[in-house]
Every structure is written in C-alpha cells, then in structure tokens.
Amino acid sequence: MAVPLLVGLLALAGRWLLTALLEMGERRRLRAAFAGYVSPPVMQEILQRRLPVGLGGELRHVCCCLPTSRLHHAE
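The text that follows walks through the structure, step by step, so that each part is easy to find. (Residues numbered from 1 in each chain as written. Predicted model: local features only at pLDDT ≥ 70, side-chain atom pairs only at ≥ 80, totals over all residues. Heavy atoms only, no water.)

### Some words on the overall build of the protein
So, step 1. Helix and strand counts for the protein stand at two helices and zero strands.
So, step 2. Counting only residues that meet the buried cut, the protein has 5% of its 75 residues in that class.
So, step 3. Only carbon and sulfur atoms are counted for the fraction: they give 67% of the accessible area of the protein, which is about 7400 Å². (Helix = DSSP H or I, 4+ residues; strand = E, 2+ residues; numbered from the N terminus. Buried < 20%, exposed > 50% of the residue type's maximum accessible area, 1.4 Å probe, protein only. Areas by Shrake-Rupley, 256 points an atom, 1.4 Å probe, with all protein chains shown as cover.)

The structure is reproduced here in structure tokens:
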C-alpha cells in the first residue's frame, strides 16, 4: 500500500518541478524579449500575466507634427 502512495507522490513532485522549470524558462524568455522595450512596471505586469502577450496588434492612422529647428523670417 505504501509503494503506490510513494509513486503517486513522486509523480506529483516531478510534475510540480517540470511546471516550475517551464515557468522559469517562459519568464526568462519574456524578459529577454521585452526588457529593452518596456518600462520595469510594464514588465512586471507582463510577467504576472496581467497583460496579454502575443504577436498581433492593430492598424491605426496617426498624424505626426514635427517642428523645425530653423527660424523662418523675411529678409
């Protein structure tokens, strides 16, 4: 009776260890992918799974106004 219980506990511990290792790898991969592009608070949101991560996005029309550095004046 003790052997099946021990085998079950070992299987659960192995599954827990595998899940923990996979999660650590995923966190490392996300940190490497986004660390240079987002602020530390946003990185924490991503790692805590509060922000969805994935390829995609949305198409938007934007207008940019760029000021010139030269003064235009009449001579």
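### Focus: helix α2 (residues 40-47)
So, step 1. Taken as a whole, α2 has its buried residues at Met-43, Ile-46 and Leu-47. Projected down its long axis, α2 carries its buried residues within an arc of 95°, all on one side.
So, step 2. Packing partners of the buried residues in α2 comprise α1 (2-34).
So, step 3. Two residues or fewer after α2 comes Arg-49, characterised by a positive phi angle close to 65°. (Arc of directions from axis to C-beta. Contact = heavy atoms within 4.5 Å.)

### Side note on the pattern of salt bridges
So, step 1. Taken as a whole and judged by the stated rule, the model has two salt bridges.
So, step 2. Between Arg-29 and Glu-26 there is a salt bridge whose closest N-O contact spans 2.9 Å. Placement of both Arg-29 and Glu-26 in helix α1 is noted, with a separation of three residues, approximately one turn of the helix.
So, step 3. A residue is classified by how much of its surface remains accessible, and Glu-26, at 24% relative accessible area, is partly exposed. (Salt bridge = Lys/Arg side-chain N within 4 Å of Asp/Glu carboxyl O.)

### Describing the packing of α1 against α2
So, step 1. Interaxial distance between α1 and α2 falls to 10 Å at its minimum, and their mutual angle equals 150°. The crossing of α1 and α2 is right-handed. Along the contact surface, α1 presents Arg-27, Leu-30, Arg-31 and Phe-34, while α2 presents Met-43, Ile-46 and Leu-47.
So, step 2. For the contact of α1 with α2, a count of residues per class yields five nonpolar, no polar and two charged. (Axes fitted to C-alpha atoms, helices over the stretch in contact; angles between N-to-C directions. Left-handed = near helix turned anticlockwise from the far one by under 90°. Nonpolar A, V, L, I, M, F, W, Y, C, P; charged D, E, K, R; others polar.)

### Brief notes about a nonpolar patch on the surface
So, step 1. Side chains of Trp-16, Leu-17, Leu-21 and Met-24 sit close together on the surface and give an oily, nonpolar patch of about 470 Å² of accessible area.
So, step 2. Secondary-structure assignment places Leu-21 in helix α1. (Patch = residues over 30% accessible without salt bridge, like charges linked within 9 Å, V, L, I, M, F, W, Y side chains within 5 Å.)

### Remarks on the state of the cysteines
So, step 1. The full count for this structure, using the stated rule, is zero disulfides.
So, step 2. Note on Cys-64: no disulfide assigned, nearest cysteine sulfur contributed by Cys-63 at a separation of 6.7 Å.
So, step 3. Free of any disulfide, Cys-65 has its nearest cysteine sulfur in Cys-63, 7.0 Å distant.
So, step 4. We classify Cys-65 as exposed; its relative accessible area is 73%. (Disulfide = S-S within 2.5 Å.)

These values are about where atoms sit, not about what they do.
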